[in-house]
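Listed below are the residues making up each chain.
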Amino acid sequence: MKYSIQLKDITKRFPGIVANDHITIDVEQGEIHTLAGENGAGKSTLMNIIYGLYQPDEGQIFINEQPVHFQSSKDSIAHKIGMVHQHFMLIPKLTVAENIVVGQEPGSRLKVDRAGAEKRIRELSEKYGLKIDPHAKVADLSVTEQQRVEILKILYREAEILIFDEPTAVLTPQEIDEFCDILLGLKASGKTILFISHKMAEVMKISDHITVIRRGKVIGTVRKDETNVDELTRMMVGRDVNLSRRERKEFTDQPNLLELKNVSYTVNKTVKKLDGINLQLKAGEVLGIAGVDGNGQEELVQAICGQITPDSGEILFKGDNIVKKGIRARKDSGIALVPEDRHRDGLVLQYSVADNLVLGMHYQEPYAHGHTWMDYKAIHKNAETLQDDFDIRCANVDVPAGTLSGGNQQKIVIAREASRNPDVLIAVQPTRGLDIGAMEFVQKTLLEQRDKGKGVLLFSLELDEILSVSDRIAVIFKGRIVDVVDAEGVTRQELGRMMLGSHKDV
Ligand SMILES: Nc1ncnc2c1ncn2[C@@H]1O[C@H](COP(=O)(O)OP(=O)(O)OP(=O)(O)O)[C@@H](O)[C@H]1O
C-alpha cells in the first residue's frame, strides 16, 4: 500500500478554538478519500494546512511518504498538490486559457507560447470530460464551468493530489452527477482525491474511505463498503437525524399574506424572466418553489424583496400593493430574506458575529435608542441567545463573521432573519453548505415560523427538501408557475417532470 498523504497528530489552534486536535489520517494513493463532519469541525482548516495556506502548530505531514514542511501553497504545488476552494479565484475579465496560465506562462519570457498552452488545455479538458473552451471569457461561464476551469488550472500544473473543499455545495443536483463522473475519471487516471462534502448520497457514491471529524478530532475512518448513511450521520453529529417528510398542517382557509398577480419582468426588452406570475402565500404555510436553476427563481425573489421592479402586475403584502416600496420599507414591514449568496448579500465578513446578528435592525429598538446611541449590551445579549439557540460555533460573538466556518456563517443569516419575527420569510437555498444536523435544525426553524402563523416561501434546488418541508409546492418553469400542488399528493418523479414544463396530470 502506498500513501499519498499522511497526517500525524496535526494540531491547529485559533484564538479560543482548537480547529484541528491531533488529527491523524492516511490517504492511499489513487483513492477518493472524503472528509465529513459537522459545520466548524475543522475540515477546511485541515485542507488549508495540507495545501500550505496554514502552518500546523504541531504534527507532521508526509507526502508520498516523505516528511514535508510547507511555508506556502507554492511549496505544496511543487509537490503536485492542487486545491479547488469553496470560493473560486478566477479573474472574470480574462479567458479560460489566460486564467490557467497566469503566473506560469509557457515559452520564453519574451514570447509566450499561447497556442501551445491552449492545445494542452484543450487536451486536458477532453481527457477528463470537462467540456471547456480555452477561448471562453470566464465572466460568461456558469458556476459549474468556472469550477471546471479551476480543475483544469490544477491539472495544467500537473497536480497528482487534488483537494476539493465542498465542491458540490454550489452545484445543482443535475450538475452533481456530472461532477461525480469527473472525479471518478480523475481517480481512474491515477489521481488521489481528497474531498469534503455534507451530501451523503454523493459521499456514498464516489468515496473509497471516509474520515469523520467532530470538534477538531478524528472520530474514525471507515471504508465506504463497510458503512452506511445512518452510521456516518451518527459519527458526524453524535445522534440520529430525521430528514423525512414532516407533519403537514391541516389546511384551513387562511388569509393570503403575499399575493402576486400577473407579475412580469423582462430584461433587454426581449428576455422574459417572469411571465405572468400568479402566486399566493397563505399565513401558516410553507410554499416550496421547485424548479431547475435559472427558471426565474432569482428574479421572483428580487421582485418580492424590491431589488427589481416588475414591468407589470401587482405584489400584495397583507393586502397592500408594495411594487413601489423600497427594499428597506419592505423589510421593515415584515418581509425577511435568507439570501442565496451569504457572502455577497447576507453578511459583512469583517464585522463581528454580534453585529451581523442585528444587521438591518441595528438602527431600531432595542439595539439603538433614538437612532444615534447603539446599545452594545442589547446587541451582545441578542447574539449570545441566538448563538445558543442556533448552535453557532465560534470562540465568542466578538470575532469577525469571516473567521467562522461556512456552515456557521449560514446559521448567522438564518438566526438573524428568523429573529426579525417577520410575517413572510423567504428562504433561498437555506441549507446549502450545512451539515445534516444543522439542516434538520434549519428545516425545523422554517416549520416553527409556519406554526406561528407566518408564511414561508422556500426556494430550494433539493427536491427532497422541498418535499419534506413544504405544505404546497409551486413549480416554476421559464418564468411561469406551471402548477401548484399539495405536497402530500405529489411524488418526486412527478415533481421532476413538472420542473421540465409539464403539468402534474399530463
Ligand atoms: N482564520 C481563522 N481565524 C479564526 N478562527 C478560524 C479561522 N479559520 C477557521 N477558524 C475556526 O476554526 C474552526 C474550524 O473551521 P473550519 O472552517 O475548518 O470548519 P469546517 O469543518 O470546514 O466547517 P464547514 O462545514 O462549516 O465549512 C471554526 O470554529 C472556525 O471558526
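Everything quoted here is computed from the prediction, not taken from an experiment.

Quick question: what am I supposed to make of the site of the ligand here?
Close contacts around the ligand come from 19 residues, with Asn39, Ser44, Thr45, Ser405 and Gly407 the closest. Listed by contribution, the elements that provide at least two residues to the shell around the ligand are strand E2 (17-28), helix H1 (43-50) and helix H14 (406-419). The residue makeup of the shell around the ligand, split by class, is 6 nonpolar, 11 polar and 2 charged. Residues lining the shell around the ligand come from more than one domain, with at least three contributed by each of domain 1 (3-237) and domain 3 (342-421).

Even after reading the chapter, I still don't get the nonpolar core, so can you show me in this structure?
Note on soluble globular proteins: their nonpolar side chains tend to be buried together. Membership of the largest hydrophobic core comes to 126 residues, with the highest contact counts inside it found for Ile163, Val353, Ile426 and Leu458. Other than its neighbours up to four places away in sequence, Leu458 contacts Val286, Gly288, Ile289, Ala427, Leu446, Ile466, Val469 and Ser470.

Teacher, can you tell me more about the sheet that holds strand E6 (residues 81-84) here?
Strand pairing in a sheet relies on backbone hydrogen bonds. The paired strands run either parallel or antiparallel. Read from one edge to the other, the open sheet built from 6 strands follows the order E6-E7-E8-E3-E9-E10, with strand pairing classed as mixed. Strand pairing shows two members of the sheet lacking a second neighbour, E6 and strand E10 (217-223), which therefore form its edges. Put simply, the sheet's adjacent strands are angled 20° from each other on average, direction ignored. Running at roughly 170° to E6, helix H5 (residues 143-156) makes contact with E6 and strand E7 (161-164) of the sheet.

Whenever I open this one, the sheet that holds strand E11 (residues 256-267) confuses me. Can you help?
If you trace the 4 strands from one edge of the open sheet to the other, you get E12-E11-E14-E15, paired in antiparallel fashion. Strand pairing shows two members of the sheet lacking a second neighbour, strand E12 (271-282) and strand E15 (320-321), which therefore form its edges. Pairing analysis gives 2 bridges linking strand E14 (residues 312-317) to E15, with the strands arranged antiparallel. The residue of E15 that forms the bridge with Phe317 is Asp320. Sitting on the sheet, helix H9 (residues 297-305) is in contact with E11, E12 and E14, with an inclination near 60° to E12.

What should I look at first to understand the pairing of E14 in this one?
Successive side chains on a regular strand alternate, one facing one side of the sheet and the next facing the other. Of the strand pairs in this sheet, E11 and E14 are connected by 5 bridges, and their pairing is antiparallel. Its bridge partner being in E14, Leu260 is matched across the sheet by Ile315. Taken together, E14 and the strand that follows it, E15, pair antiparallel across an intervening segment of 2 residues, in which Lys318 is found at a positive phi of about 50°.

I would appreciate a short explanation of unusual backbone geometry in the present structure.
Most peptide bonds take the trans configuration, and most residues that are not glycine carry a negative phi. One non-glycine residue, Glu65, adopts positive backbone phi at about 70°. When you line up the elements, Glu65 lands in the loop between strand E4 (58-63) and strand E5 (66-68). Of note, the phi angle at Lys269 is positive, near 60°, even though the residue is not glycine. Among the structural elements, Lys269 can be located in the loop between E11 and E12.

How should the pairing of E2 be read in this particular structure?
Relative to E2, strand E1 (residues 3-14) is paired through 8 bridges, and the arrangement is antiparallel. Each bridged residue has a counterpart across the sheet, and for Phe14 the counterpart in E2 is Ile17. The hairpin turn running from E1 into E2, its antiparallel successor, is 2 residues long, and Gly16 in that turn takes a positive phi close to 85°.

For this particular structure, what's the right way to read the packing of H14 against helix H15 (residues 436-451)?
A pair of packed helices can be characterised by two numbers: the angle between their axes and the separation between those axes. Axis separation between H14 and H15 bottoms out at 12 Å; the angle between their running directions is 10°. In terms of their interaxial angle, H14 and H15 are classed as roughly parallel. Taken together, the residues of H15 that come into contact with H14 (itself represented by Gly407, Lys411, Ile414 and Ala418) are Ala438, Val442, Thr445 and Gln449.

I tried to follow the environment of Gly437 on my own but got confused; where do I start?
Take Gly437: it is sitting in helix H15. Look at Gly437 and you get partly exposed, because 19 C-beta atoms sit within 10 Å. As for Gly437 and Glu38, which are separated by 399 residues in sequence, their C-alpha atoms are 7.6 Å apart. Excluding residues within four positions of it along the chain, Gly437 makes contact with Glu38, Val237 and Val241.

Is there a simple way to think about helix H8 (residues 229-237) in this case?
Helical geometry note: an α-helix holds 3.6 residues per turn, so side chains three or four residues apart project in the same direction. If you check which residues of H8 are buried, you get Leu232, Thr233, Met236 and Val237. Burial along H8 is one-sided: seen end-on, the buried residues are contained in an arc of 105°. Elements that come into contact with the buried residues of H8 comprise strand E3 (32-37), helix H7 (200-206), strand E9 (209-214) and H15. With its phi angle positive at about 75°, Gly238 sits one or two positions after the end of H8.

How do you make sense of helix H4 (residues 114-127) when you look at a structure like this?
Taking 1.5 Å of rise per residue, 14 residues should cover 20 Å, and H4 covers 20 Å from first to last C-alpha, within 8% of that figure. Taken together, the buried positions of H4 are occupied by Ala117, Ile121 and Ser125. For H4, the arc enclosing every buried residue in end-on projection is 70°, short of the 170-degree limit, so these residues lie on one face. Residues of H4 that are exposed and point more than 90 degrees away from the buried face comprise Ala115, Gly116, Glu123, Glu126 and Lys127.

I'm lost on the packing of H4 against H5 in this one. Help?
At their nearest, the axes of H4 and H5 sit 10 Å apart, and the two run at 115° to each other. As summarised for this structure, H4 and H5 are arranged roughly perpendicular, according to the angle between their axes. Here the hand of the crossing between H4 and H5 comes out right-handed. Contact with H4, carried on its side by Arg120, Ile121, Leu124 and Ser125, involves Leu152, Leu155 and Tyr156 of H5 and no other residues of that element.

Analysis parameters
Residues numbered from 1 in each chain as written. Predicted model: local features only at pLDDT ≥ 70, side-chain atom pairs only at ≥ 80, totals over all residues. Near = placed C-beta within 6 Å. Helix = DSSP H or I, 4+ residues; strand = E, 2+ residues; numbered from the N terminus. Nonpolar A, V, L, I, M, F, W, Y, C, P; charged D, E, K, R; others polar. Domains from an automatic or database assignment. Core = buried A, V, L, I, M, F, W, Y, C linked by C-beta atoms within 7 Å. Buried ≥ 20, exposed ≤ 12 C-beta atoms within 10 Å, placed from the backbone. Contact = placed C-beta atoms within 7 Å. Pairing = 2+ DSSP bridges. Axes fitted to C-alpha atoms, helices over the stretch in contact; angles between N-to-C directions. Parallel < 35°, antiparallel > 145°, perpendicular 65-115°, else oblique. Arc of directions from axis to C-beta. Expected span 1.5 Å × (residues − 1). Left-handed = near helix turned anticlockwise from the far one by under 90°.

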